Amino acid sequence: MKRLWLAGVAFVISGGSSLCAPRADAETIDPTFDYHSYANVDQFRVRHLELDLRVDLKDKTIAGVVALELQRLDPQATQLVLDTKDLMILGVSQKATDVLGATANAHAIWVSRPFHLQKPDPILGSALVIELTPSKKGTDVIRIDYETLPASAALQWLTPKQTARHKAFLYTQSEPIGARTWIPLQDTPQVRATYKAKVHTDWDVRAVMSAENDPKARRGGDYTFVMPQPVPSYLIALAVGDLEFQETGPRTGVYAEKSMLKAAAKEFADTESMIQANEKTFGPYRWSRYDVLVMPPSFPVGGMENPRLSFITPTIIAGDKSLVSVIAHELAHSWAGNLVGNATWRDLWLNEGFTDYMESRIMTAVYGEQRASMEAVLGLNSLRADLAKLKPADQILAIDLRGRDPDEVFSEVPYEKGRLFLNYLDVKFGRERFDAFLRGYFDHFAFKSITTEQFLAYLQENLLDRFPGIVTRDQVNAWVFDSGLPADAVLPVTTMFQPVDEARAGWLAGKLPPKKFGMDWIAQQWLYFLNNMPATLLPAQLADLDKAFAFSKTPNAEIAHSWFKLVIANNYQPGFPRLEEYLNTVGRRKLIAPLYEALLNTAAGAQVAKRVFAEARLGYHPETIKAIEAIVDPQERTSE
Ligand SMILES: [Zn+2]
């Protein structure tokens, strides 16, 4: 088998002399090196951050002060290199007690330090280089005064018109490398730090963070947060808006704008059962509370596992809990990712594959085997669709992202292929042994970030070697380092789609009227029904379906998405008004980008796409706008 990866190859960072595009030219990957950060983590490591953030919703800026408490690994180091992107650095200073070597005192004196920003890289931003003197002291405290710019990619500022309650809203989306656009820091998942934050904003809005939130905190413009567990930078998150809180259990609750609060609390009522299901198998939930923040419709992803407070798209509120697997997923990240996480973005599958596997286990425990099996098969189908489009090198779990935007790792491969790998180990070794292994893994690496190679070494010792003769290292390597799916993969199956296939075939043949099927189907079956329609349908057939099942009025955003794909593919005009409304009210990239792509297949559709996008973009996230622009206006993009 062909391997590009050589474990243990040592590279030495060159003291900051060639900081742009860090080491992208080396021939072999160093698995321990984060190619998407400038930070000199072998000389300094941030252990704690103190943030003071002034959030101006009108001017759309954050004026920030961050104090980084650093562990100094190299007494001779004279430069601290941090990640920034689109930040204005106003000043850098060092706590004087460290400079003078005197004992700490309560009233610290700050001494300014020379610094400069390196030439920006379009993906990675600018390295912030701070000059320091050598020191034998093991710690340094560096303070940076800064301001964000409108271009800060992790920040989305919504005008009052773009929210449900007509008050401005701000939220952050830091994964993978957005944290550096609102905080200068070591923006690499290798580094974990605790944090405290003070947030100042308008008196009539509420701020929440991926930290201890007090649901009873009174509004008034000033908020304080503590995150006592060490987290990587991509899990630092903030939202400010007209948020209300409703409890859903002893340690769970929902934050949302008032108009969505009740529906959200009802939809997510099973969150405590989900936590308990996971705790039973994988060990305690270690983050105290688990709350959910329902985002404005522009939120570009399904959910973001910000610790203690998952950010969740409103598109999963369907009224019947049919899409709450997203909650199971984000919750599972409290173990996979947030507790034991990827060291670099090449290792993302350690977060997402484990999480998808655990999501499936939660869904089975809370909603039963049948529903979980359907979701697993739907997941496999979207993996197959992705594999058909991806080049072989990008079908690999431990993907090579050197010189690329780490956003490109987010295909179905780390998720669904990762899940299938764990599923394979589960089946081969048996549930009891595999559960014990996973529980031990979470304990062993708790609050650490690890590489693919560290996981493989742990797997070798604690599963492969402990129960020899079941799975070989070559079989494991095929999963992690080869493209496609191994021939002996254990694929999910379900009996629940068989009646759906039969009904679809009968209806297509004109032998089965819509009244005769679907009465007891659940959302996953409807998705499967629509997703597997032939490419061409007659207008009368679509009218027949819509009349019987009211797809164009469905409150389920996923089913609507599948329906609109048929509407577009067949240019079914009666479906277009609702389609336009959908594109104007949903901002989740996964749901809208494929619809724009489909529209672009015909000249008439392209007209519609351009017209709708011109209006709808006001409600989209900047990253979503970029993605859709590339679809509707590809020339514009190449001329950039
Ligand atoms: Zn995830």
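In case you missed it, the structure is sitting above this.
Report follows, based on the coordinates. (Residues numbered from 1 in each chain as written. Predicted model: local features only at pLDDT ≥ 70, side-chain atom pairs only at ≥ 80, totals over all residues. Heavy atoms only, no water.)

**Considering the overall build of the protein**
Within the protein, the regular secondary structure consists of 19 helices and 21 strands. In terms of C-alpha radius of gyration, the protein reaches 25 Å, essentially the compact-globule figure of 26 Å for 640 residues. Taking the principal axes of the C-alpha coordinates as reference, the protein spans close to 85 × 65 × 55 Å. The buried share of the protein, reckoned over its 640 residues, is 58%. In the protein, the proportion of contacts linking residues at least 24 apart, taken out of those at least 6 apart, comes to 72%. Carbon together with sulfur atoms contributes 53% to the accessible area of the protein, which is approximately 26,200 Å² in total. Across the protein, the centroid of the 69 positively charged side chains sits 3 Å from that of the 77 negatively charged ones. (Helix = DSSP H or I, 4+ residues; strand = E, 2+ residues; numbered from the N terminus. Rg over C-alpha atoms; globule rule 2.2 N^0.38 Å. Buried < 20%, exposed > 50% of the residue type's maximum accessible area, 1.4 Å probe, protein only. Contact = heavy atoms within 4.5 Å. Areas by Shrake-Rupley, 256 points an atom, 1.4 Å probe, with all protein chains shown as cover. Lys, Arg positive; Asp, Glu negative; His and termini not counted. Charge placed at Lys NZ, Arg CZ, Asp CG, Glu CD.)

**A few points about the pattern of salt bridges**
This model, assessed by the stated rule, comprises 30 salt bridges. Here R251 and E272 are joined by a salt bridge, their closest N and O atoms 3.0 Å apart. You can see R251 sitting in the loop between β15 (243–247) and β16 (252–257) and its partner E272 sitting in helix α3 (residues 271–282), a full 21 residues away along the chain. Accessibility expressed as a relative area gives 19% for R251, which makes it buried. Under the relative-accessibility criterion, E272 is labelled buried at 12%. Overlapping salt bridges bring together K167, D204, R219, D242 and E244 as one network. (Salt bridge = Lys/Arg side-chain N within 4 Å of Asp/Glu carboxyl O.)

**Digging into the packing of aromatic side chains**
Taken as a whole and assessed by the stated rule, the structure comprises 42 aromatic pairs. Here the guanidinium or amino end of R143 rests over the ring plane of W110, the centre of that ring lying 5.9 Å away. One Lys or Arg, R371, reaches over the ring of Y367 and ends 4.6 Å from the middle of that ring. (Phe/Tyr/Trp six-rings, centres within 6.5 Å; stacked < 30°, edge-to-face > 60°. Lys NZ or Arg CZ within 6 Å of the ring centre and 35° of its normal.)

**Topic: the nonpolar core**
Grouped together as the largest cluster of nonpolar side chains are 146 residues, with contacts concentrated most on I144, L238, F268, F421, Y441, F442 and F455. Considering every element that reaches this core, the biggest residue donor is helix α5 (residues 348–367), with eight residues. If sequence neighbours within four positions are ignored, F268 has contacts with T248, V254, V292, V294, I312, I316, I317, V324 and I327. Counting residues in hydrophobic clusters, the runner-up holds 53 residues, among them I559, V586, V608 and I625. (Core = buried A, V, L, I, M, F, W, Y, C linked by side-chain atoms within 4.5 Å.)

**A word on the coordination of the zinc ion**
Binding of the zinc ion to the protein goes through H329 (NE2), H333 (NE2), E352 (OE) and E352 (OE), at separations of 2.1 to 2.7 Å. Each donor residue of the zinc ion lies on the same chain, and together they follow the pattern H-x3-H-x18-E. (Donors = N, O, S within 2.8 Å, 3.2 Å for Na, K, Ca; no water.)

**Points about helix α11 (residues 498–508)**
Listing the buried residues of α11 in full gives V500, A503, R504, G506 and W507. Down the axis of α11, the buried set is contained in an arc of 165°. They therefore lie on one face. Among the structural elements, α12 (523–531) and α13 (539–549) are those in contact with the buried residues of α11. (Arc of directions from axis to C-beta.)

**Regarding the sheet that holds strand β19 (residues 309–312)**
The strand order β15-β16-β17-β19-β18 describes an open sheet built from five strands, whose pairing is mixed. Whereas interior strands pair on both sides, the edge strands pair on one side only; in this sheet they are β15 and β18 (303–304). With two bridges connecting them, β18 and β19 associate as antiparallel partners. Within β19, the position partnered with M304 by the bridge is F311. Those strands touched by helix α2 (residues 258–267) are β15, β16 and β17 (290–294), and its axis lies near 150° from that of β16. (Pairing = 2+ DSSP bridges. Axes fitted to C-alpha atoms, helices over the stretch in contact; angles between N-to-C directions.)

**Things to note about the environment of K417**
Counting through the fold element by element, K417 comes out in helix α7 (residues 412–429). For K417, a relative accessible area of 0% gives the class buried. Here the alpha-carbon distance between K417 and A63, two residues 354 residues apart in the chain, equals 42 Å. Within the structure, K417 has its side chain in polar contact with the backbone oxygen of G484 (distance 2.8 Å). (Polar contact = N/O pair within 3.5 Å; in protein donor to acceptor, adjacent residues only side chain to side chain.)

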